[in-house]
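Fold and geometry: a report
So you can see what is in the structure, the chains are spelled out below.
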Amino acid sequence: MQECRGWIVRSAAGRDKGMLLCVTGQEGEYLLLADGKRRKAAAPKRKKVGHVDMVCRGTFRHPAIRKLEDGLTVSDSELRRALGAFRDQGGN
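Report on the accompanying structure. (Residues numbered from 1 in each chain as written. Predicted model: local features only at pLDDT ≥ 70, side-chain atom pairs only at ≥ 80, totals over all residues. Heavy atoms only, no water.)

Relative to the helices and strands, glutamate 29 is located in the loop between β2 (20–27) and β3 (30–34). When the C-alpha atoms of glutamate 29 and cysteine 56 are compared, they prove to be 19 Å apart, with 27 residues separating the residues in sequence. Contacts of glutamate 29, omitting those with residues within four sequence positions, involve Lys47, Lys48 and Val49. (Helix = DSSP H or I, 4+ residues; strand = E, 2+ residues; numbered from the N terminus. Contact = heavy atoms within 4.5 Å.)

Here's what the structure looks like:
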């Protein structure tokens, strides 16, 4: 699987169905997802790739997303700002 850190996904299954989340890493067939509010960056949600819909595959440019792509840690507030900016620009 290619590197997908920094992608924005929408949960397609589970209690968090419909939520926008950011991929903070991956473990085998699982993605590590966080939104900075319900799921903190320090304790990301593990979810199988088939249980998410890819919304943005690294084309959204935001400082927090760039930090994730570079392998740096991001704070919860940075994740919330990035996802809020994505929603504001019409990213669903």
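Overall, the coordinates contain six salt bridges when judged by the stated rule. Between lysine 48 and glutamate 29 there is a salt bridge; the shortest N-O distance is 3.4 Å. With a gap of 19 residues between them, lysine 48 in strand β4 (residues 45–48) and glutamate 29 in the loop between β2 and β3 connect regions that are remote in the sequence. For lysine 48, a relative accessible area of 36% translates into the label partly exposed. For glutamate 29, a relative accessible area of 47% gives the class partly exposed. (Salt bridge = Lys/Arg side-chain N within 4 Å of Asp/Glu carboxyl O. Buried < 20%, exposed > 50% of the residue type's maximum accessible area, 1.4 Å probe, protein only.)

Once that is clear, we can look at the packing of aromatic side chains. Using the criterion set out here, one finds one aromatic pair in the structure. With a centroid separation of 5.2 Å and 75 degrees between ring planes, the pair formed by phenylalanine 60 and phenylalanine 86 is classed as edge-to-face. Residue phenylalanine 60 is located in the loop between β5 (52–56) and α1 (63–69), and its partner phenylalanine 86 is located in helix α2 (residues 76–88); the two are separated by 26 residues in the primary sequence. Relative accessible area serves as the criterion here: at 3%, phenylalanine 86 is assigned to the buried category. One Lys or Arg, arginine 46, reaches over the ring of tyrosine 30 and ends 4.1 Å from the middle of that ring. (Phe/Tyr/Trp six-rings, centres within 6.5 Å; stacked < 30°, edge-to-face > 60°. Lys NZ or Arg CZ within 6 Å of the ring centre and 35° of its normal.)

Everything listed here is a matter of geometry and, on its own, says nothing about what the molecule does.
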